[in-house]
Amino acid sequence: MDISFCTHYKGDALPPTNRFCRDCPMAMTACDPLWSLVVALSQSNGGDAVRLPGTRAVMYPNSKNGNIVHLQINTKWGLPKEDFLHFIATGSARMGRKGERLDKSASPSMTRQEPYVQSIVTALGGENIPEITAVRRIQ
């Protein structure tokens, strides 16, 4: 995780600070509106699977935790808010291994979120939508 991905991030990439985006006091200014688009996309098929363009993955809403949406190919896994926001800032959301927490290309959760995050950005309208521009400005 690139701990310099956002000027507001406070932590060392280890749990629980790798989940700082969920409690960031600045999130409401830009990050929350962008994340709400991701959640809305996951809900856009009435709770049924939403296909992610260019992948075999589908996305589902998470009714228990608004900071995570579910992705599935064969197995269901979570895409946390901070992994998506880290990708917006760095262009990376790759898997990490034990001892690689500070690998700048690894996602905060250390799970592989590429190419699914790219597909979500495409489904939202691309990298230049106002919500992504606003997040990059504040990060």
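Report on the accompanying structure.

## Notes on the overall build of the protein
- Along its length, the protein carries four helices and four strands.
- The secondary structure elements of the protein, listed N-terminal to C-terminal, are α-β-β-β-β-α-α-α.
- Dimensions of the protein, computed from C-alpha atoms along their principal axes, come out at roughly 35 × 35 × 25 Å.
- Out of the 139 residues in the protein, the part that is buried amounts to 45%.
- Expressed as a percentage of contacts within the protein between residues at least 6 apart in sequence, the contacts between residues at least 24 apart total 52%.
- Accessible area of the protein: about 7,100 Å², with a carbon and sulfur share of 52%.
- Once the 16 positive and 12 negative side-chain charges of the protein are each reduced to a mean point, those two points are 4 Å apart.

## Quick notes on the packing of aromatic side chains
- Applying the stated criterion across every chain yields a total of four aromatic pairs.
- A centroid spacing of 6.1 Å and a plane angle of 55 degrees characterise the contact between Trp35 and Phe84, whose relative ring orientation is tilted. A residue pair is termed long-range when its members are at least 10 positions apart, and Trp35 in helix α1 (residues 31-43) and Phe84 in helix α2 (residues 81-90) qualify at 49 residues.
- Taking the centre distance of 5.3 Å and the plane angle of 65 degrees together, the rings of Trp77 and Tyr116 count as edge-to-face. With Trp77 in strand β4 (residues 76-80) and Tyr116 in helix α3 (residues 116-124), the pair connects residues that are 39 residues apart, well separated along the chain.
- Residue classification places Trp77 among the partly exposed positions, given a relative accessible area of 22%.
- When its relative accessible area of 6% is taken as the criterion, Tyr116 is described as buried.
- An aromatic cluster is defined as three or more aromatic residues linked by ring pairs; in this entry it consists of Phe5, Tyr9 and Phe20.
- For the cation-ring pair, Lys76 lies above Tyr60, with the distance from its terminal atom to the ring centre recorded as 4.7 Å.

## Focus: the packing of α2 against α3
- Two numbers describe how α2 lies on α3: the axes approach to 10 Å, and their chain directions differ by 80 degrees. Here α2 lies roughly perpendicular to α3, going by the angle between them. Together, Phe84, Phe87 and Ile88 of α2 and Val117, Gln118, Ile120, Val121 and Leu124 of α3 make up the contact between the two elements.

## Quick look at the nonpolar core
- Core analysis: the largest hydrophobic core is formed by 38 residues, its most contacted members being Leu34, Phe84, Ile88, Ile120 and Leu124.
- At the level of elements, α1, β3 (68-72), α2, α3 and α4 (130-138) are the ones that each hand at least two residues to this core.
- Ranked by residue count, the leading element in this core is α1, at six residues.

## Comments concerning the pattern of salt bridges
- One pass over the full model with this rule turns up five salt bridges.
- Notably, a salt bridge pairs Arg136 with Glu127, separated by 3.7 Å at the nearest N-O pair.
- Assessed through its relative accessible area of 36%, Arg136 is described here as partly exposed.
- Accessibility expressed as a relative area gives 47% for Glu127, which makes it partly exposed.

Definitions and limits used
Residues numbered from 1 in each chain as written. Predicted model: local features only at pLDDT ≥ 70, side-chain atom pairs only at ≥ 80, totals over all residues. Heavy atoms only, no water. Helix = DSSP H or I, 4+ residues; strand = E, 2+ residues; numbered from the N terminus. Buried < 20%, exposed > 50% of the residue type's maximum accessible area, 1.4 Å probe, protein only. Contact = heavy atoms within 4.5 Å. Areas by Shrake-Rupley, 256 points an atom, 1.4 Å probe, with all protein chains shown as cover. Lys, Arg positive; Asp, Glu negative; His and termini not counted. Charge placed at Lys NZ, Arg CZ, Asp CG, Glu CD. Phe/Tyr/Trp six-rings, centres within 6.5 Å; stacked < 30°, edge-to-face > 60°. Lys NZ or Arg CZ within 6 Å of the ring centre and 35° of its normal. Axes fitted to C-alpha atoms, helices over the stretch in contact; angles between N-to-C directions. Parallel < 35°, antiparallel > 145°, perpendicular 65-115°, else oblique. Core = buried A, V, L, I, M, F, W, Y, C linked by side-chain atoms within 4.5 Å. Salt bridge = Lys/Arg side-chain N within 4 Å of Asp/Glu carboxyl O.

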